[in-house]
Amino acid sequence: MNNRIVILGGGESGAGAAVLAKDKGFDVFVSDFGTIPAKYRDLLDSEGIAWEQGGHTMERILDAGLVVKSPGIAKETPVMQAVAQKGIPVVSEIEFAGRYTDAKMVCITGSNGKTTTTLLTHHILNAAGIDAGLAGNVGRSLALQVARDPHPVYVIELSSFQLDNMYDFRADIAILLNITPDHLDRYEHSMDKYADAKLRILQNQRPTDAFIYWKDDPVTAAKLRTATVTAARYPFAKTDNGDDKDVAAWVDDAGMLNVRTPRGLFAMPRAELSLPGLHNLYNSMAAALAARLCGVEAESLRKSLADFPGVEHRLEFVRDLDGVRWINDSKATNVASAYYALQSMTTPTVLILGGKDKGNDYSEILDLVRQKVKHIVAMGLHNEKIVDFFGGIVPVDDTHTLADAVAACRAAARPGDTVLLSPCCASFDLFTSYEDRGRRFKDAVHALK
């Protein structure tokens, strides 16, 4: 067998995979078309692992017996086309790491809510004394943890891009939160292909494993009519529809959150959950089901669901200034995320939209805009679509910098209002990431006098 492993992408997942591959005796080479961050270059150098940046040396890449690919690299790129033509197997970092651990895997996917549910689940497990690592799109590289800091349990956030290159990996507990349009440019603009990628979280599951999912998600429901589901099912829904055997987590008429697993029935008042909004109720249900299946006791679960501090850039309270609440929801990079944010608004809202459009259909939030939004501030290099769609419905300001957007919001908001950054779009026109957008927004709001 060819002992050379090539890692494409030198970020968190790539550097971690390189260390694990080195520890397992492989000849490792890391290649990044862009720039490898300094901390990962330092790690690779300290481990004696060869690397390159700013381009690909194809003869070295095509000499590999296995390629471990960063999830951000599309299969249509020239390097991936060449790898495919050569017939070299390609796996994700998660798939590669899974080959070297028998830890319990709690895996979370979905178009929206993944990060919150992942961090909440991790919070609950650790508070209960369960040694759980955090990996995937959040936390540290799974491969690096398997190599140097192993845990008996891992809580892993999985994107569809990671699932695309996972084959033998198995989730002991698989959570599918929802499937709404996102990243369709990577799936030939096919919702069906994107949904199929999400359903890959079920592959290799056994009858003793668990599948947790939102029962009322229409795309998931349609897919499950023909999908093969081997694991035990734990659906959750807002209510039990009068049939207490129909779902595993629900809210009853008395406002009590109920979670039913083989460990028995857990209940707590919904009002005591730390996270607001219907979408966060679903996230809490999914995390609670996973926690109970991992053995978390009722009292510990109740405390953790009530004291979880929330997640940066996800309906994050920034400041109350002159009676106006400012909220950072920069993670809302698609329309469905903004829909959930608007659902949770209880005061007149000044809404910041805009960024790199991913083929958005704004009609999905039209009714909520009519009900809850008093003013829209478009923030981006190209706001024409937003201005044209919403211009006849609410006042719209067309701005092209963060400073101008914040100034427009302050002019439009009155005491008792909320300013909500929930852009519906990717951040890459004005910012380097949604995190960069959110942090710069918070800085600008805190600078207001």
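As shown above, the structure is provided for reference.
How each quantity is defined
Residues numbered from 1 in each chain as written. Predicted model: local features only at pLDDT ≥ 70, side-chain atom pairs only at ≥ 80, totals over all residues. Heavy atoms only, no water. Helix = DSSP H or I, 4+ residues; strand = E, 2+ residues; numbered from the N terminus. Rg over C-alpha atoms; globule rule 2.2 N^0.38 Å. Buried < 20%, exposed > 50% of the residue type's maximum accessible area, 1.4 Å probe, protein only. Contact = heavy atoms within 4.5 Å. Areas by Shrake-Rupley, 256 points an atom, 1.4 Å probe, with all protein chains shown as cover. Axes fitted to C-alpha atoms, helices over the stretch in contact; angles between N-to-C directions. Parallel < 35°, antiparallel > 145°, perpendicular 65-115°, else oblique. Left-handed = near helix turned anticlockwise from the far one by under 90°. Lys, Arg positive; Asp, Glu negative; His and termini not counted. Salt bridge = Lys/Arg side-chain N within 4 Å of Asp/Glu carboxyl O. Polar contact = N/O pair within 3.5 Å; in protein donor to acceptor, adjacent residues only side chain to side chain. Core = buried A, V, L, I, M, F, W, Y, C linked by side-chain atoms within 4.5 Å. Phe/Tyr/Trp six-rings, centres within 6.5 Å; stacked < 30°, edge-to-face > 60°. Lys NZ or Arg CZ within 6 Å of the ring centre and 35° of its normal.

1. Side note on the overall build of the protein
Here comes step 1: Assigned secondary structure in the protein consists of 17 helices and 20 strands.
Here comes step 2: The C-alpha radius of gyration of the protein comes to 23 Å, within 12% of the 22 Å expected for a compact globule of 449 residues.
Here comes step 3: Dimensions of the protein, computed from the C-alpha atoms along their principal axes, are close to 65 × 55 × 40 Å.
Here comes step 4: Taking all 449 residues of the protein together, 55% fall into the buried category.
Here comes step 5: Of the contacts formed within the protein by residues at least 6 apart in sequence, a portion of 66% connects residues at least 24 apart.
Here comes step 6: As displayed, the protein offers around 18200 Å² of accessible surface, 51% of which is attributable to carbon and sulfur atoms.

2. So, the packing of helix H11 (residues 278–293) against helix H12 (residues 298–307)
If you want to describe how two helices pack, look at the angle between their axes and the distance between the axes.
Here comes step 1: Two elements in contact, H11 and H12, have axes whose closest approach is 11 Å; the angle formed by their N-to-C orientations is 155°. By the criterion of interaxial angle, the relationship of H11 to H12 is roughly antiparallel. Pair H11 / H12 crosses with right-handed handedness. Touching Ser284, Ala288, Ala291 and Arg292 of H11 are Ala298, Leu301 and Leu305, all from H12.

3. Section: the side chain of glutamate 52
Here comes step 1: Mapped onto the elements, glutamate 52 comes out in strand E3 (residues 50–53).
Here comes step 2: Buried charge without a salt bridge: glutamate 52, with arginine 60 as the nearest opposite-charge side chain at an N-O distance of 5.8 Å.
Here comes step 3: Of the polar contacts made by the side chain of glutamate 52, one reaches the side chain of serine 31; its length is 2.7 Å.
Here comes step 4: Ignoring any residue separated from it by four or fewer positions in sequence, one finds glutamate 52 in contact with Phe29, Val30, Ser31, Asp32, Ile36, Thr57 and Ile61.

4. Comments concerning the side chain of aspartate 32
Here comes step 1: Residue placement: aspartate 32 occurs in strand E2 (residues 27–32).
Here comes step 2: For the buried aspartate 32, which has no salt bridge, the nearest side chain bearing the opposite charge is arginine 41, at an N-O separation of 9.1 Å.
Here comes step 3: Not counting residues within four places of it along the chain, the set of residues in contact with aspartate 32 comprises Gly9, Gly10, Gly11, Glu52, Gln53, Gly54, Gly55 and His56.

5. Regarding the nonpolar core
Generally speaking, soluble globular proteins have nonpolar side chains that are buried together.
Here comes step 1: If you look at the biggest cluster of nonpolar residues, it comprises 49 residues, and the most contacted ones within it are Phe96, Leu142, Ile156 and Phe211.
Here comes step 2: Looking at this core element by element, the count peaks at six residues for helix H1 (residues 12–23).
Here comes step 3: In contact with phenylalanine 211, not counting residues within four places along its chain, are Ala174, Leu176, Leu202, Gln205, Leu224, Val229, Ala231, Ala232, Arg233 and Tyr234.
Here comes step 4: By size, the runner-up hydrophobic cluster in this structure holds 42 residues, among which are Leu120, Ile124, Val259 and Val296.

6. Describing the pattern of salt bridges
Here comes step 1: If you walk through the whole model with that rule in mind, you get 22 salt bridges.
Here comes step 2: Note that aspartate 149 is salt-bridged to arginine 140, the shortest N-O span being 3.1 Å.
Here comes step 3: Take arginine 140: its relative accessible area is 36%, and that puts it in the partly exposed class.
Here comes step 4: For aspartate 322, the salt bridge is made with arginine 410, and the minimal N-O distance between the two is 3.3 Å. Linking aspartate 322 in the loop between strand E15 (316–321) and strand E16 (324–328) with arginine 410 in helix H16 (residues 402–412), this pair joins segments that are 88 residues apart in sequence.

7. Regarding the packing of aromatic side chains
Here comes step 1: Scanning the entire structure with this criterion turns up ten aromatic pairs.
Here comes step 2: Consider the rings of tyrosine 362 and phenylalanine 389, whose centres lie 6.2 Å apart with planes at 50°: the pair is tilted. Placement of tyrosine 362 in the loop between strand E17 (349–353) and helix H14 (366–372) and of phenylalanine 389 in helix H15 (residues 384–390) is noted, with a sequence separation of 27 residues between them.
Here comes step 3: Look at tyrosine 362 and you get buried, because its relative accessible area is 2%.
Here comes step 4: The class of phenylalanine 389 is partly exposed, set by a relative accessible area of 30%.
Here comes step 5: An aromatic cluster is present here, built from Phe26, Phe96 and Tyr100 joined pairwise through their rings.
Here comes step 6: Of note, arginine 60 hangs over the ring of phenylalanine 29, and the distance from its end group to the ring centre comes to 3.8 Å.
Here comes step 7: One residue, lysine 331, lies across the ring of tyrosine 434, its end atom 5.4 Å from the ring centre.

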